[in-house]
Amino acid sequence: MTLKNHFRCVECNEKAAELHRDYSNGILKITICESCQKPVDKYIEYDPVIILIDATLCKTQAFRHILFNTNLNIHWKLCVFCLLCEAYLRWSRLHGSEQSSDPADIIRYTKEWEFYGMFGLAALELSAFCGGVLCFLWAVVGRLQGGTLDFGLLLKALLLSCYGKVLLIPTVIWEHDYSPLCLGLIKLFVLTSNSQAIRVILNSSRRLSLMAVCLGLLTETCVAQVCQRLQWSVQDVWMYE
Ligand SMILES: [Zn+2]
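Residues numbered from 1 in each chain as written. Predicted model: local features only at pLDDT ≥ 70, side-chain atom pairs only at ≥ 80, totals over all residues.

## Considerations on the nonpolar core
And step 1. In terms of nonpolar packing, the biggest core is built from 43 residues, with Val 133, Ala 157, Leu 158, Cys 162, Ala 197 and Ile 201 touching the most fellow members.
And step 2. Sorting the residues of this core by element identifies helix 2 (60-68), helix 3 (75-96), helix 4 (112-144), helix 5 (151-160), helix 7 (180-202) and helix 8 (206-240) as the ones contributing at least two each.
And step 3. Here the element with the most residues in this core is helix 4; it accounts for 9 residues.
And step 4. If you count residues domain by domain, this core takes at least three from each of domain 1 (7-68) and domain 2 (75-240).
And step 5. Ignoring sequence-local partners within four residues, the contact set of Val 133 consists of Leu 158, Ala 212, Val 213, Leu 215 and Gly 216. (Core = buried A, V, L, I, M, F, W, Y, C linked by C-beta atoms within 7 Å. Buried ≥ 20, exposed ≤ 12 C-beta atoms within 10 Å, placed from the backbone. Helix = DSSP H or I, 4+ residues; strand = E, 2+ residues; numbered from the N terminus. Domains from an automatic or database assignment. Contact = placed C-beta atoms within 7 Å.)

## Some words on unusual backbone geometry
And step 1. Positioned with a positive phi, Asn 13 is a non-glycine residue whose angle comes to about 70 degrees.
And step 2. If you trace the backbone, Asn 13 turns up in the loop between strand 1 (7-8) and strand 2 (15-16).
And step 3. Using a count of 16 C-beta atoms within 10 Å as the deciding quantity, one classes Asn 13 as partly exposed.
And step 4. Of note, Asn 203 is a non-glycine position whose phi angle comes to about 55 degrees, a positive value.
And step 5. Mapped onto the elements, Asn 203 comes out in the loop between helix 7 and helix 8.
And step 6. Its 11 C-beta neighbours within 10 Å are what place Asn 203 among the exposed residues.

## Some points on the confidence of the model for the protein chain
Low pLDDT means the predicted atomic positions in that stretch should not be read closely.
And step 1. With 89% of its residues at a pLDDT of at least 70, the protein chain reaches an overall mean of 87.
And step 2. By mean pLDDT, the top-scoring element of the protein chain is helix 2 (95), and the lowest-scoring one is helix 6 (residues 168-173) (77). (pLDDT = per-residue confidence, 0-100.)

The structure is reproduced here in structure tokens:
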């Protein structure tokens with residue numbers, strides 16, 4: 001690897017060439033940041049569980065470690081996994097009201113295509129959210145402030161920071177045990193992580209990242225509303241035919 005200064009100090013965001021130095025006699029020495037005189041990345045010594053806990057607490061240092069100093073490439077897999085959970089949750093909510101002990105009711109499982117529809121809808125809403133956030137950042141940071149944006153890294157950060165959606169798994173497992181409050185809290189947690197991830201990537205103010213997330217949420221809500229209206233009109237056409 002000839003990449004120079006592609007790591008970041010987790011404390012002060014200063015660029016660094018290496019995280020540790022490997023001496024030939026088997027001694028590893030953690031690099032000290034020239035700017036803040038603290039270890040460039042203390043997390044390389046930490047257990048992944050501690051890193052996960054710190055990331056859950058939305059600590060900037062943990063976010064910098066994950067986004068800049070690791071080669072974590074699970075964002076697309078994580079994204080598909082979270083979308084599957086979300087699709088199943090929506091699908092089971094759709095049929096939750098039609099409970100029946102009749103074995104013939106198994107026919108409802110043939111309505112599988114509805115599940116794929118829900119998956120598509122969830123994917124569309126996520127795309128709208130990411131699109132809204134990226135457009136806002138492109139307009140404000142790229143255009144107004146004249147900064148450069150790494151859209152690939154921003155998208156990776158947004159998808160990775162959606163990891164809070166795995167909390168939907170318990171709601172999926174214990175079907176019908178969800179509450180709007182619980183789902184609302186998961187959403188709030190995911191949005192907070194999204195905002196923190198943007199803040200870390202751009203090294204920007206909290207206000208800017210919050211505004212970006214709010215705009216993304218607005219785009220997502222608009223797309224969801226449009227889809228729902230379309231669905232209703234399609235259902236109306238089917239009923240009156
Ligand atoms: Zn530093």
